Amino acid sequence: MYLEKTGTPLPAGLVNLGNTCYANSVIQCLRRIPELRSVLVNYQTRNPNDIEDQFTGDFANMIRGLEASTEPYTPLQFILRLRSTFERFNERSEEGGFKQQDSEEFFSAVMDAMSRSLIIVDENG
């Protein structure tokens, strides 16, 4: 175990909620970007009628949950929001489970939605 060897705990991981490994891998990468993590940890939704604002708010809540946890985190609210916001991530296979998805498509969808919700203020004015 990493903690036993170094004394440093590993960050919490994400529970797979039925073919969500494509999302989990991207989320783990995005949360390691200090500037994005800083903005998301402080993010508050502004418009309950704006689906992208709500999506970004749920993503931010998930990041806050991950940052506060040392145990695997279940991103249920975010995955539900993802599937309701982007129909392609809610598609079912013939067997009834959720279809396999592509990490790049997930990354693009997240970046597209959050780019319209996040306003980063330039420190120089």
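Note that the structure is predicted; figures quoted are calculated from it, not measured.

J.: Would you mind going over the side chain of Asp58 with me for this structure?
T.: Inspection of the secondary structure assignment puts Asp58 in helix α4 (residues 51-68). Not counting residues up to four positions away in its chain, the partners in contact with Asp58 are Gln77, Phe78 and Arg81.

J.: Is there a simple way to explain the packing of helix α2 (residues 21-30) against helix α6 (residues 103-117) in this structure?
T.: Think of two packed helices as two axes; the pair is described by the angle between the axes and how far apart they sit. Where α2 contacts α6, the axes come no closer than 8 Å and their chain directions differ by 55°. With respect to α6, the element α2 is oriented oblique. By crossing handedness, the relation of α2 to α6 is classed as right-handed. Listed contacts from α6 to Tyr22, Ala23, Ser25, Val26, Ile27 and Leu30 of α2 are Ser103, Phe106, Phe107, Val110 and Met111.

J.: How should I be thinking about α2 in this particular structure?
T.: In an α-helix there are 3.6 residues to a turn, and that puts residues three or four apart on one side. Residues of α2 that are buried: Tyr22, Ala23, Asn24, Val26, Ile27 and Leu30. Against the buried residues of α2 lie α3 (34-41), α4, α5 (76-85) and α6.

J.: Looking at this model, I keep getting lost on the side chain of Gln101. Mind explaining?
T.: Relative to the elements of secondary structure, Gln101 occurs in the loop between α5 and α6. Polar side-chain contacts of Gln101 include one of 2.8 Å to the backbone oxygen of Arg88.

J.: Explanation requested: α4 in the structure shown.
T.: Between its first and last C-alpha atoms α4 spans 26 Å; for 18 residues at 1.5 Å apiece the expected length is 26 Å, and the two agree. Listed in full, the buried residues belonging to α4 are Asp53, Gln54, Phe55, Thr56, Gly57, Asp58, Phe59, Ala60, Met62, Ile63, Gly65 and Leu66. Buried residues along α4 sit against α2, α3, α5 and α6. Backbone nitrogen of Glu52 and a side-chain oxygen of the N-cap are separated by 2.9 Å at the start of α4; the cap is Asp50.

J.: Help me out: how do you make sense of the nonpolar core in this one?
T.: Burial of nonpolar side chains together is a common tendency in soluble globular proteins. The biggest cluster of nonpolar side chains holds 27 residues, and the ones touching the most others in it are Ile27, Leu40, Phe59, Phe78, Leu82 and Phe106. Every element with two or more residues in this core is listed here: α2, α3, α4, α5 and α6. For this core, the element with the highest residue contribution is α4, accounting for 6 residues. When neighbours within four sequence positions are excluded, Leu82 is seen to be in contact with Tyr22, Phe55, Phe89 and Phe106.

J.: Whenever I open this one, the packing of aromatic side chains confuses me. Can you help?
T.: Each aromatic ring pair is characterised by the separation of its centres together with the angle its planes make. Under the defined criterion, the tally for this structure stands at 8 aromatic pairs. Aromatic pair Phe78 and Phe106: ring centres 6.3 Å apart, planes at 80°, arrangement edge-to-face. Note that Phe78 is positioned in helix α5 and Phe106 in helix α6, a separation of 28 residues in sequence. Each ring, one from Phe89 and one from Phe106, has its centre 6.0 Å from the other, and the planes form 85°; the classification is edge-to-face. With a gap of 17 residues between them, Phe89 in the loop between α5 and α6 and Phe106 in helix α6 connect regions that are remote in the sequence. The exposure class assigned to Phe106 is buried, which follows from its relative accessible area of 0%. Put simply, the rings of Tyr22, Phe55, Phe59, Phe78, Phe86, Phe89 and Phe106 touch in pairs and so form one group of aromatic residues. Over the ring of Phe98 we find Arg83; its NZ or CZ atom is 3.4 Å from the centre of that ring. Between the NZ or CZ atom of Arg92 and the centre of the ring of Phe98, over which it lies, the distance is 3.9 Å.

About the criteria used
Residues numbered from 1 in each chain as written. Predicted model: local features only at pLDDT ≥ 70, side-chain atom pairs only at ≥ 80, totals over all residues. Heavy atoms only, no water. Helix = DSSP H or I, 4+ residues; strand = E, 2+ residues; numbered from the N terminus. Contact = heavy atoms within 4.5 Å. Axes fitted to C-alpha atoms, helices over the stretch in contact; angles between N-to-C directions. Parallel < 35°, antiparallel > 145°, perpendicular 65-115°, else oblique. Left-handed = near helix turned anticlockwise from the far one by under 90°. Buried < 20%, exposed > 50% of the residue type's maximum accessible area, 1.4 Å probe, protein only. Polar contact = N/O pair within 3.5 Å; in protein donor to acceptor, adjacent residues only side chain to side chain. Expected span 1.5 Å × (residues − 1). Core = buried A, V, L, I, M, F, W, Y, C linked by side-chain atoms within 4.5 Å. Phe/Tyr/Trp six-rings, centres within 6.5 Å; stacked < 30°, edge-to-face > 60°. Lys NZ or Arg CZ within 6 Å of the ring centre and 35° of its normal.

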